[in-house]
Amino acid sequence: MTPEPSADAPAHAIETVFRIESPRIIAGVARIVRDVGIAEELAQDALVAALEQWPREGVPGNPGAWLMATAKHRAIDLVRRRERYARKLVEMGRDLETSAPHGHIDEPADPDDIDDDLLRLVFTACHPVLSAEARIALTLRLLGGLTTVEIARAYLVPEATVAQRIVRAKRTLAAKAVAFEVPYGPEREARLGSVLEVIYLIFNEGYAATAGDDLLRPALCEDALRLARVLAELMPKEPEVHGLAALLEIQASRSAARTGPSGEPVLLKDQQRSRWNRLLIRRGFAALARAEAVSTGGGPGPYVLQAAIAACHAHAYSYEETDWARIATLYGLLAARTPSPVVELNRAVAVSMAEGPEAGLAIVDALVDEPALRGYYLLPSVRGDLLVRLGRVGEARGEFERAASLTRNERERGLLLGRAEECG
């Protein structure tokens, strides 16, 4: 007998659709209301309307378009109410130009303008009036559709801290009347670093989801990759832009090989490299070449270095043939350029492959008391792998079990518990 669907099934389906579509809805509405906080509220209103109507009337043929249209209708109604209020002020003798700073004034088109609401949303959320941490948190929330829990885990900070950053960021953007636009000239350059970091983090969440039942969230990877490509076209002389594009192209090329038939994770050493997307790899190599061609000295930046590491993997026909010595060197340069315990953990893996597991374990053990990695599941996971290679399987089992207890991704947890069982 077929089990009856849960009463919560329609709501779950609606929320799933909304999570996928919400970044585009918020971006499209923000272009109308010029306020990302209000845009998010209107998007939520559209979700509430769907929760009320779809179970009763049925799911529309294009649910994303329905949500977008509903949110935009509410946005237009809000703008009209504002305009009616403005007209009343005029009738009372007020000057419209001073009382309505966001008047509908047509501006000449700029040749550098990008007709992409998502990209406008990124640059708006990365405005200098916000702290770097607030820019990242807000854009991941609005564009990536991530929860505060997911952002907190991705950034290794408490959930309450992320929630406060997001609320304060939206209030600040509204109070400062930040324009919903892609800036030009020096202002664009000033915001570029935060924009690149946001796109990078969004891709990472899609590439290895911090929580949920699936390892991959392809929609996030696609959005991040598309934005990276747009930026590369927009800023052809910026090596770091091309470096980020190269990194994402090469990383995305492995997606089909990263999961098995049932969605289970497949480790890099076990992946069928014939399933790697050669077109994306070629695009990545080309982007990396452009980054190197436009470099003006001072050494490669962090995204160019990470792209070079990804290229080493893509060049190798097998895991064993990988140039691990070069990867370890590149991670050393990356650690010098942008010191980070996560980078150091990755360097430990490369060193272990180039020089042996003892050398890698020494680096990992030096990170055990690092506060930023206290809840980071990959630390005990990497340590467990190195212990297995050293024959210390009893200790390795405990590390894999600890890693499984720390991850919130069900697929990762299953993989880690399986590895713990193998050590039993």
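Draft legend 1. How the structure looks around the packing of helix 14 (residues 324-337) against helix 15 (residues 341-355). With their axes 8 Å apart at the nearest point, helix 14 and helix 15 run at an angle of 155° to one another. Between helix 14 and helix 15, the crossing angle belongs to the class labelled roughly antiparallel. Classified by chirality, the crossing of helix 15 by helix 14 is left-handed. The segment helix 14 lies against helix 15, with W324, A325, I327, A328, Y331, G332, L334 and A335 engaging V343, E344, N346, R347, A350, V351, M353 and A354. Of the residues in the contact of helix 14 with helix 15, the class split is 12 nonpolar, 2 polar and 2 charged.

Draft legend 2. Region of interest: the pattern of salt bridges. Across all of its chains, the model carries 18 salt bridges by this definition. Between E40 and R141 there is a salt bridge whose closest N-O contact spans 3.2 Å. On the criterion of sequence distance, the pair formed by E40 in helix 2 (residues 36-57) and R141 in helix 6 (residues 132-142) is long-range, its members being 101 residues apart. Under the relative-accessibility criterion, E40 is labelled buried at 7%. Across the salt bridge formed by E410 and R413, the nearest N and O atoms sit 2.6 Å from each other. Remark: R413 and E410 occur in helix 19 (residues 410-422); sequence separation between them is 3 residues, near one turn of the helix.

Draft legend 3. Fine view of the packing of aromatic side chains. One pass over the structure, following the stated rule, counts 5 aromatic pairs. A centroid spacing of 5.2 Å and a plane angle of 70° characterise the contact between W54 and W66, whose relative ring orientation is edge-to-face. A residue pair is termed long-range when its members are at least 10 positions apart, and W54 in helix 2 and W66 in helix 3 (residues 63-91) qualify at 12 residues. The class for W66 is partly exposed, based on a relative accessible area of 22%. Summarising the aromatic geometry, the rings of Y319 and W324 are spaced 5.2 Å apart at their centres and angled 70° between planes, so their arrangement reads as edge-to-face. This pair shows no difference in class: Y319 is buried, exactly as W324 is. Of note, R258 hangs over the ring of Y207, and the distance from its end group to the ring centre comes to 3.8 Å.

Draft legend 4. Geometry of helix 17 (residues 378-389). With 12 residues, helix 17 extends 17 Å from end C-alpha to end C-alpha; this agrees with the ideal 16 Å at 1.5 Å per step. Within helix 17, the full set of buried residues consists of L379, P380, S381, V382, R383, G384, L386 and L387. Those residues of helix 17 hidden inside the fold are in contact with helix 15, helix 16 (357-365), helix 18 (393-406) and helix 19. One or two steps after helix 17, the chain reaches G391, where phi turns positive at roughly 80°.

Calculation rules
- Residues numbered from 1 in each chain as written.
- Predicted model: local features only at pLDDT ≥ 70, side-chain atom pairs only at ≥ 80, totals over all residues.
- Heavy atoms only, no water.
- Axes fitted to C-alpha atoms, helices over the stretch in contact; angles between N-to-C directions.
- Helix = DSSP H or I, 4+ residues; strand = E, 2+ residues; numbered from the N terminus.
- Parallel < 35°, antiparallel > 145°, perpendicular 65-115°, else oblique.
- Left-handed = near helix turned anticlockwise from the far one by under 90°.
- Contact = heavy atoms within 4.5 Å.
- Nonpolar A, V, L, I, M, F, W, Y, C, P; charged D, E, K, R; others polar.
- Salt bridge = Lys/Arg side-chain N within 4 Å of Asp/Glu carboxyl O.
- Buried < 20%, exposed > 50% of the residue type's maximum accessible area, 1.4 Å probe, protein only.
- Phe/Tyr/Trp six-rings, centres within 6.5 Å; stacked < 30°, edge-to-face > 60°.
- Lys NZ or Arg CZ within 6 Å of the ring centre and 35° of its normal.
- Expected span 1.5 Å × (residues − 1).

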